[in-house]
Every structure is written in structure tokens, then in C-alpha cells.
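Results of the structural survey
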Amino acid sequence: MTPEPAPPPAARVPAAVPAVLVGLVLLLGLQLLGTCLVRLLHLPVPGAVVGLLLLLLLGLRFRGVIARVEPAGDPLLKHLQLLFVPPGVGIVTELHRIADNAGALALAVGGSFVLGLLTAGVLLQRLLTRRGPA
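One structure accompanies this document, and this report is about it. As the structure is a prediction and not an experimental result, all values here were calculated from the model.

Concerning the overall build of the chain
Looking only at helices and strands, the chain features six helices and zero strands. Listing each helix as α and each strand as β along the chain from the N terminus yields α-α-α-α-α-α. Residues counted as buried form 10% of the 134 residues belonging to the chain. Intrachain contacts of the chain at a sequence separation of at least 6 include 47% that bridge at least 24 residues. Summed over all atoms, the accessible surface of the chain reaches about 11,100 Å², with 74% contributed by carbon and sulfur.

Shown next, in the form of C-alpha cells:
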């Protein structure tokens, strides 16, 4: 009998450690790293966004990272609606402040919608004229 080849370094996790735990540690570690980078470099984005970018870069470089994170990511995605409960509670508890600033909020939301729509329209027109007749 020939011996089995050694598993790749990414697969050398003790069998006693559940795959969900490994994935969760990776996700939380990358979020923590992203938060540290944001604080150290004074970046104007949330640390979780930087952590996701790091996950994307690691996933592109090392294919095994995605396989490690998947067992923890799937249950989180299945119960994503539960993650919207805290912001909903915050909106309800701060409803008086939202009502006090309703005009400014409506202007910001409406203005950003119109600006985004105009930008998309202008960009589409330019791309269509650049492409030429079909």
C-alpha cells in the first residue's frame, strides 16, 4: 500500500474542531483585522467592509479560505433577517429624532436617488453612443 499524500497546509485543522467554528473564527478575525486597520489608518469606511475586502483578497489568492468560511457563512445567510432586528429597534426607539429631521432625511434620500438615477442615465447614454449602431 502506498501512503496517502499529506493534506495541504490549509486542511491541517484538528478533527475535534468543528468546521463552523473555524469559519467563524476566520470571519471574526478578518473583521477584527479590518477594524484595526481602519483605526490605525484613519480610513473613512467601516471595519467590517475592510474585513470583507480582506476576505475577498484571501479568497482570490488561496482557494481553501472560501471552503473554510462557507460552513459558518451559510447559517448566517440563512438567518440574515435576524440581523436587521437591532437597526429596526434603533429606528423605533429614536423615532422622535427621525421625525424632527424628516425634511433633511427626505431631501438626502430623494436627492441621492435622483443623483444616482441621473448618473446611471448619463453613463448609459455615453456607453451606448460609444458602442455605435447595433
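Details of helix H2 (residues 47-61)
In this model H2 runs 21 Å from its N-terminal to its C-terminal C-alpha over 15 residues, within 8% of the 21 Å that 1.5 Å per residue would give. Where H2 is concerned, the buried positions are Gly47, Val50, Gly51, Leu55 and Gly59. In this fold, the buried residues of H2 make contact with helix H1 (19-41) and helix H3 (63-78).

Notes on H1
Between its first and last C-alpha, H1 extends 33 Å over 23 residues, near the 33 Å set by a 1.5 Å rise per residue. Turning to H1, its buried residues number three or more, namely Val22, Gly23, Leu30, Gly34 and Val38. Residues of H1 that are buried in the fold lie against H2 and H3. Phi turns positive, to about 55°, at His42, one or two residues after H1.

What to know about the environment of Leu26
With respect to the helices and strands, Leu26 occurs in helix H1. Residues Leu26 and Ala72 lie 46 residues apart in sequence; the distance between their C-alpha atoms is 9.2 Å.

Cut-offs and rules
Residues numbered from 1 in each chain as written. Predicted model: local features only at pLDDT ≥ 70, side-chain atom pairs only at ≥ 80, totals over all residues. Heavy atoms only, no water. Helix = DSSP H or I, 4+ residues; strand = E, 2+ residues; numbered from the N terminus. Buried < 20%, exposed > 50% of the residue type's maximum accessible area, 1.4 Å probe, protein only. Contact = heavy atoms within 4.5 Å. Areas by Shrake-Rupley, 256 points an atom, 1.4 Å probe, with all protein chains shown as cover. Expected span 1.5 Å × (residues − 1).

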